[in-house]
Amino acid sequence: MLRKPKIDRFNESVLSKYQIYNSIFITLPFDDISNTGVMLPLFNEICEKGFDDKKIPSEIIDEYFTKYLDNPTEKEKIDVMFRFIQYIERQVVLFDAIEDASFGVVNNMDGRGSLRNLKEEAEAKNKVEELREYLKRFKVRTVLTAHPTQFYPGSVLGIITDLAKAIEENNLTLIKKLLAQLGKTPFFKKEKPTPYDEAVSLIWYLENVFYHSVSKIYDYIQENLFEGEDINNQVVNLGFWPGGDRDGNPFVTTEITLKVAERLRSTILKNYYRDVRRLRRRLTFDTVDKLILDLENKLYENSFLTSGRTTITLDEALETLQQIKEILVNKHQSLFVEELDDVINKFKVFGFHFASLDIRQDSRVHHRVLSEIVKESIDMGLDIFPKNYADLTTEEQQAILTKVEGKLNPSLFKDEMARKTLESIYAIKTIQKNNGELGCNRYIISNNGSVTNVLEAFAMIRLCDWAQPTVDVVPLFETVDDLQDARNVMETLYTNPTYAAHLKRRGNVQPIMLGFSDGTKDGGYLMANWSIYRAKESLTEVSRKYDVKVVFFDGRGGPPARGGGKTHQFYASLGPTIENEEVQLTIQGQTISSNFGTKESCQYNLEQLLSSGIANEVFSEDANLLGDEDRATMTTLAEKSYQAYTDFKGHPKFLPYLERMSTLQYYAKTNIGSRPSKRGKSDKLDFGDLRAIPFVGSWSQLKQNVPGFYGVGIAIEAYEKNGELDKVKHLYKNSTFFRTLLENSMMSLTKSFFQLTAYMKDDEEFGEFWNIIHEEYERSKAMILKVTGYKELMEDTRSMRASIQVREKIVLPLLTIQQYALLRLQKLRKEPKANQELIEVYEKMVTRSLFGNINASRNSA
C-alpha cells in the first residue's frame, strides 16, 4: 500500500483530530461564564473578516462587543478578553498534543535522513565500510539551554504528555478529563524560576526522553552497522547549560552549579537503578544473580541515599556488567544479552554525568575580574603580577598571562565577582571528581573578540591550583567583526607555546563556539550566516595548518533569525572546507519541547542531525563546494543586506519603535526565565545590552519577523536591477547552504502578518518606519519567489506551512487582543490624569497575551 503524501497525513491525523477535540474543548465549562468557549469561534470569525476588510484591532474588538454583548462596561470587556486569552492558550496546548501524538504518522521515521535510510544508501553505494569508519569518530552533541523561550510551566508540560498519549490511544474519556484539567490549570508563573528550577525542568527531558531516544539510536547503530561490536564512540552526547551559564545571569551561583551537577548525577544513577532492577528479574541464574543484585544495591545507595559521595565508579559498574555478559555468553547461550547490551550502552553513553555541564561567562566580566585579581593580589603581597601590569602593552600583558600559575583562595578577595569567578573554576574540579571529567570540562567565553580574552580566562583557570587543566577553553565569536578576526585570534593562540602545550594535552582538539543569535542581531540575516560560514572555513584552514582539530559549537535559537529553522539542512550543506567530525548546537526553550519533547520526535530529529553530518562526509562527493562565481554572489548579497540592515538599525526610530510599539518591555514580566532580559542595569534601552531573545521575540509578537528577512529583498533586487538575477538563481540551484537560507527566510515571511499592525502606517511618529519594514517584507517575498520559482512561500513543505497556518489562525484573536491592549495603553498614557489601575490591567493583558503566541509559533524566540 502506497504511503499518502505528508500533507494528506497531516490533514487526517492532525487537522481533523484538532477540529474534533477542539469542538469538545470549547463546550467544557471551566468558569462561571460557561459560554466563553462557544463565543470564541464568533470572535475568531469577526477577527478574520475584520482584517480582510482592512479594519484595525480596536475596530474589530468594538464590533464584536457591539454585536454580541448588550452595552458592556469596560470591566466586562476586559473580563471577556482575559477569558478568551485563557481559552486560546489552551487551544494551542491541544494542538501541540495532537501534533506530538501524530508525529510518527506525519513524519516517516524510516524515511530520508533516518539511520535506516542511511544504512540502505550506504549498502546501495557500496560505502558501508566508509560509514562504519566515520561513525567511529563522528559525534552529535545537543546542548540544552534554559534561555527563556519556554512558556509552559511543568504542570502544563505534564498534561501535554498525557494528552498526547490519550489522543494516540483515542481514549475519549481520558481526553475529556485532561482537557478539563487543562482548563483549570494556571499558565502564569507568579515568581521567576531560579536557575536550579530551570535545570530541574530540563533534566525531566533528559530523564524521560533523551535517555531512551539516544540509547535506541546507539543500539541500532551497534546492532545494524557494527554487528554487535563495540563502537568505542558515544555518537550522541548531551550538554547542559542551566546552572553553569553565568553570562548575564547574577542568580547562577557556585552552590547552584554544584547542586545541578549533583542532580544530573543522581538522575542518571536512578535511571540506571531502574533498568538494572528490571534486568534482575530476567537474570536469575547462578552467580549472575548475585552480581546484578550487588550492582543494583550500589546504584540505589549512590542515587537515593548519598549526596556527592561515590561508593561505586563508572569503571567498576561497567566491569561488573561485562563480567555478567561473559557468563551469559559462555554459560547461558547468550540469554538476555541484548537487554544487557542496552544497559551497558547507556552506561557508556551517559557515564555518571548524564550531560556535560558547561560554564560560561562574558569576556568583559573576565577582564574586570582579572583587573581586580591583579590589584588585590599585589595588595596581598603575592608575587604573581608586576605592579605596573595595567600600564603594560597588550603583548606584554599576554606574555605574563601565559606564564602565571598559582593557588588563589577565593575567600580572600574583597571583590564579589572575583570571588564568584574563582569559585566557579574550583567547582569544575569538584564536579569532575564526582561525575567524571565529562561532567564539566568546558569554559566558554562569550563576546570573545581577542587573544587577551582567551588568555585571561586561561590564566584564571591556572591560578586555581590547576597548572595542567582538564578543561577546554572555548571562545565564543558573535559579532560580524569578531567572526572576521577569529582566524587571527586562533592562529596567535596556536603559536603560543603554553597554549599549544595545553591543546596537546587535550588531544589537539579546539572547540570554538559561534553565535547565530547575536550575529543576526548585529549584522542581519544573510551577513550573520555567511560570516559564520566563512569563519568556519578560515578557522578550519588555520587549525589544519597547525594539526589542530577544530570542533564547531553553534549557538542556535529556535527561529531562523537565531540560527534555527531547518537546522539539519545547514549541516548537510557544509562542504569539505569546513571541519565537520562533530555537530554541536544549543537546543533551547520551545525547541526542546517541540523538536525533542517526545521519544519519537527526539529520535527523529537526532537521526536527522546525525544523517546530515554523515551524508556531508560519506556521500557528498564535493557537491557542496561553492564555485568562485557563486561565492562572489553570496558575498555581495551578504554585503548589500548588511548595509541595508545597518541603515535600518541606524534609523532614529529603530529603538523607539521597539520600545513603544512592540511588546519588548513586557518580556521581563513573564517570569519564564531566571536571566534578566538585558545585560546592563540602565533603565535606558541600549541595543548592545539587549538580549537576542526579547529582540527577536518582540518582532515575532508584532508579526513582522524583521530579523529573519530584512535585507534579503534589497540584496536580491540589486542583482535584478543590474540584469543579473540569473547569478542569484544559479547560486540557489547549486548551493544547499543558500537554498536553506532562503527556505528559512520563507518561514519567517510566512509567519508575518502586517495587516495586524497596518494602523501604524498612519501613526504620525512611526508611520514612515512601519512602511520601510512593510516594503522590505513585500520586496523580500517577491524576490525570493522569483529566485525559487515558487508560486507561494514554502511551496516545497506544504505540511509545515499547513501547521503554521493552523497555529496562526488559533492565535489571531489573541494577537488582536494584544494590539487592542497596546492601543488602549497609548491612549491612557496620554490622558491628563492617567488611570494607573486601568493601565496596570492592560499591561497585564499584554503580558498574558505573549504566552499563547510564543507557544503557538514554537520557534519564535
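Computed from a predicted model, the values in this text were never measured in an experiment.

1. Regarding the overall build of the protein
Okay, so step 1: In terms of helices and strands, the protein carries 34 helices and 9 strands.
Okay, so step 2: In terms of overall size, the protein behaves like a compact globule, its C-alpha atoms giving a radius of gyration of 28 Å where 861 residues would be expected to give roughly 29 Å.
Okay, so step 3: Referenced to the eigenvectors of the C-alpha coordinate spread, the extents of the protein come out at roughly 80 × 70 × 60 Å.
Okay, so step 4: Taking all 861 residues of the protein together, the buried fraction comes to 61%.
Okay, so step 5: Considering only contacts within the protein whose residues lie at least 6 apart along the sequence, 81% involve residues at least 24 apart.
Okay, so step 6: Total accessible area computed for the protein in this model is approximately 34500 Å², and 48% of it derives from carbon and sulfur atoms.

2. Here's the deal with helix α15 (residues 363-379)
Okay, so step 1: Here α15 spans 24 Å end to end across 17 residues, near enough to the 24 Å set by a 1.5 Å rise per residue.
Okay, so step 2: Taken as a whole, α15 has its buried residues at Ser363, Val365, His366, Val369, Leu370, Ile373, Val374, Glu376 and Ser377.
Okay, so step 3: Those residues of α15 hidden inside the fold are in contact with β4 (359-362), α16 (394-403), α17 (416-435), β5 (442-446) and α18 (451-462).
Okay, so step 4: At the N-terminal boundary of α15, the capping side chain belongs to Asp362, with an oxygen 2.7 Å from the backbone nitrogen of Arg364.
Okay, so step 5: Looking one or two residues beyond α15, the residue adopting positive phi is Gly381, at roughly 85°.

3. A look at the packing of aromatic side chains
Okay, so step 1: Under the criterion given, the structure shown has 39 aromatic pairs.
Okay, so step 2: Judged by centre distance (5.2 Å) and plane angle (20°), the ring pair of Tyr134 and Phe138 falls under stacked.
Okay, so step 3: A relative accessible area of 0% means that Phe138 is categorised as buried.
Okay, so step 4: The side chain of Lys259 reaches across the aromatic face of Tyr196, ending 4.2 Å from its centre.

4. A look at the environment of Ile88
Okay, so step 1: Tracing the chain through its elements places Ile88 in helix α4 (residues 74-101).
Okay, so step 2: Spatially, the C-alpha atom of Ile88 lies 7.0 Å from that of Leu814, the residues being 726 residues apart in sequence.
Okay, so step 3: Excluding its chain neighbours within four sequence positions, the residues that come into contact with Ile88 are Leu40, Ile810, Val811, Pro813 and Leu814.

5. Some details on the pattern of salt bridges
Pairing is possible between side chains of opposite charge, provided their charged atoms come close.
Okay, so step 1: For the structure on display, the rule yields 52 salt bridges.
Okay, so step 2: Here Lys136 and Glu133 are joined by a salt bridge, their closest N and O atoms 3.0 Å apart.
Okay, so step 3: Residue classification places Glu133 among the partly exposed positions, given a relative accessible area of 35%.
Okay, so step 4: A salt bridge links Asp362 to Arg364; its shortest N-O distance comes to 2.9 Å.
Okay, so step 5: Exposure remark for Asp362: the relative accessible area of 4% places this residue in the buried category.
Okay, so step 6: Under the relative-accessibility criterion, Arg364 is labelled partly exposed at 40%.

6. As for a nonpolar patch on the surface
Okay, so step 1: Together, Met380, Leu382 and Leu412 give the surface a local cluster of nonpolar side chains, amounting to about 250 Å² of exposed area.
Okay, so step 2: Here Leu382 is to be found in the loop between α15 and α16.

7. Overview of unusual backbone geometry
Okay, so step 1: The phi torsion at Thr287 lies on the positive side, around 75°, for a residue other than glycine.
Okay, so step 2: Position of Thr287 among the secondary structure elements: in the loop between α11 (254-280) and α12 (288-305).
Okay, so step 3: Here Gln333, not a glycine, exhibits a phi torsion of approximately 50°, which is positive.
Okay, so step 4: Counting through the fold element by element, Gln333 comes out in the loop between α13 (314-331) and α14 (337-350).

8. A few points about the confidence of the model for the protein
Okay, so step 1: In the predicted model, the protein carries a mean pLDDT of 89, and 92% of its residues have values of at least 70.
Okay, so step 2: This model gives residues 673-679 a pLDDT under 50, and the stretch forms 40 contacts once residues within four places in sequence are excluded.

9. Re the side chain of Gln398
Okay, so step 1: Within the secondary structure layout, Gln398 lies in helix α16.
Okay, so step 2: Of note is the side chain of Gln398, whose polar atom sits 2.9 Å from the side chain of Thr452.

10. What to know about the pairing of strand β7 (residues 509-515)
One face of the sheet, then the other: side chains in a regular strand alternate in exactly this way.
Okay, so step 1: A large share of β7 lies buried, amounting to 6 of its 7 residues.
Okay, so step 2: When strand β6 (residues 472-477) meets β7, the two strands line up parallel, connected through 2 bridges. Paired with Phe477 across the bridge in β7 is Leu514.
Okay, so step 3: Across 7 bridges, the pairing between β7 and strand β8 (residues 549-555) is parallel. What sits directly across from Ile512, in β8, is Phe552.

11. Notes on the nonpolar core
Okay, so step 1: Of all hydrophobic cores here, the largest spans 266 residues; its most connected members are Leu206, Phe210, Phe240, Phe385, Tyr657, Trp699 and Tyr842.
Okay, so step 2: In this structure, Tyr842 is in contact with Glu74, Ile78, Met81, Tyr820, Ala821, Arg824, Leu825 and Leu828, ignoring residues within four places of it in sequence.
Okay, so step 3: Membership of the second largest hydrophobic core comes to 7 residues, among which are Val143, Leu476, Met513 and Phe553.

12. Points about the sheet that holds strand β2 (residues 236-240)
To summarise the sheet geometry, strands pair through backbone hydrogen bonds and adopt either a parallel or an antiparallel arrangement.
Okay, so step 1: Taken together, the 9 strands give an open sheet; going across it, the order is β3-β2-β1-β9-β8-β7-β6-β5-β4, and neighbouring strands pair in parallel fashion. The sheet is open, and its two borders are formed by β3 (356-357) and β4, each paired with just one other strand.
Okay, so step 2: Bridge analysis of strand β1 (residues 139-145) against strand β9 (residues 582-588) gives 7 bridges, and the strand direction is parallel. What sits directly across from Arg141, in β9, is Gln584.
Okay, so step 3: Together, β1, β2 and β9 form the strand contacts of helix α25 (residues 599-618), whose direction differs from that of β1 by roughly 135°.

13. Quick word on the packing of helix α3 (residues 57-68) against α4
Okay, so step 1: Between α3 and α4, whose axes approach to 12 Å, the crossing angle comes to 110°. When the axis of α3 is compared with that of α4, the two are roughly perpendicular. Residues Ile61, Asp62, Tyr64 and Phe65 of α3 touch α4, and the partners they reach there are Lys77, Val80, Met81 and Phe84.

Thresholds applied
Residues numbered from 1 in each chain as written. Predicted model: local features only at pLDDT ≥ 70, side-chain atom pairs only at ≥ 80, totals over all residues. Heavy atoms only, no water. Helix = DSSP H or I, 4+ residues; strand = E, 2+ residues; numbered from the N terminus. Rg over C-alpha atoms; globule rule 2.2 N^0.38 Å. Buried < 20%, exposed > 50% of the residue type's maximum accessible area, 1.4 Å probe, protein only. Contact = heavy atoms within 4.5 Å. Areas by Shrake-Rupley, 256 points an atom, 1.4 Å probe, with all protein chains shown as cover. Expected span 1.5 Å × (residues − 1). Polar contact = N/O pair within 3.5 Å; in protein donor to acceptor, adjacent residues only side chain to side chain. Phe/Tyr/Trp six-rings, centres within 6.5 Å; stacked < 30°, edge-to-face > 60°. Lys NZ or Arg CZ within 6 Å of the ring centre and 35° of its normal. Salt bridge = Lys/Arg side-chain N within 4 Å of Asp/Glu carboxyl O. Patch = residues over 30% accessible without salt bridge, like charges linked within 9 Å, V, L, I, M, F, W, Y side chains within 5 Å. pLDDT = per-residue confidence, 0-100. Pairing = 2+ DSSP bridges. Core = buried A, V, L, I, M, F, W, Y, C linked by side-chain atoms within 4.5 Å. Axes fitted to C-alpha atoms, helices over the stretch in contact; angles between N-to-C directions. Parallel < 35°, antiparallel > 145°, perpendicular 65-115°, else oblique.

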